[in-house]
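# Reading the structure
Residues per chain, in single letters:
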Amino acid sequence: MVAVEPRQVLSEGLQVLLDRGFVIRHADLDLGRLDAVLATWPGYRLRLYALSASEGKTRLSLSGYRARQPLAAESLDTLLAELQARLSTNQ
């Protein structure tokens with residue numbers, strides 16, 4: 001959970017992924033979802049969900065695949081930490 005609106009989470013998430021070389025395939029504010037790919041071998045796909053929870057809070061979820069295998073949650077920690085840092089500085 002983060003204490004910002006879903007629109008801001010998706011906006012900052014989009015920027016973090018672009019800065020890391022990802023290409024945004026789909027972004028939908030109504031669904032609170034962003035899909036991105038990285039074309040380095042063997043290929044990465046990430047999905048970021050930002051769903052309104054309550055009172056200005058957002059439930060943030062990040063998942064991904066390398067080739068066709070799910071990424072371990074801890075492999076996304078640095079990306080999630082960078083996103084949280086950007087959200088806290090832009091409040």
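This section reports on the structure supplied with the text. (Residues numbered from 1 in each chain as written. Predicted model: local features only at pLDDT ≥ 70, side-chain atom pairs only at ≥ 80, totals over all residues. Heavy atoms only, no water.)

### What to know about empty space enclosed by the protein
According to the stated counting rule, one finds one cavity of 30 Å³ or more in the structure shown. Lining of the largest cavity is provided by G13, V16, L17, L48, L62, L79 and L83. No other element matches helix α1 (residues 6–19), which puts three residues into the lining of the largest cavity. (1 Å grid on protein atoms, 1.4 Å probe; cavity = no way out; pocket = protein on both sides within 12 Å on 5 of 7 lines; lining within 4 Å. Points joined across faces, edges and corners; volume = space filled by probe spheres on them. Helix = DSSP H or I, 4+ residues; strand = E, 2+ residues; numbered from the N terminus.)

### Some remarks on the environment of W41
Along the chain, W41 turns up in the loop between β2 (33–38) and β3 (44–52). Note: C-alpha distance between W41 and F22 (19 residues apart in sequence) is 13 Å.

### Section: the sheet that holds strand β4 (residues 58–66)
Taken in spatial order, the five strands of this open sheet run β1-β2-β3-β4-β5, and their pairing is antiparallel. Looking at strand neighbours, the two that pair on one side only are β1 (23–28) and β5 (69–70), the edges of this open sheet. Sheet analysis places β2 next to β3, joined by six bridges and oriented antiparallel. Within β3, the residue paired with L38 across the bridge is Y44. Sheet contacts for α1: β1, β2, β3 and β4; angle to β3, the most-contacted strand, approximately 165 degrees. Along the sheet, helix α2 (residues 77–89) makes contact with β3 and β4, crossing β4 at roughly 150 degrees. (Pairing = 2+ DSSP bridges. Contact = heavy atoms within 4.5 Å. Axes fitted to C-alpha atoms, helices over the stretch in contact; angles between N-to-C directions.)

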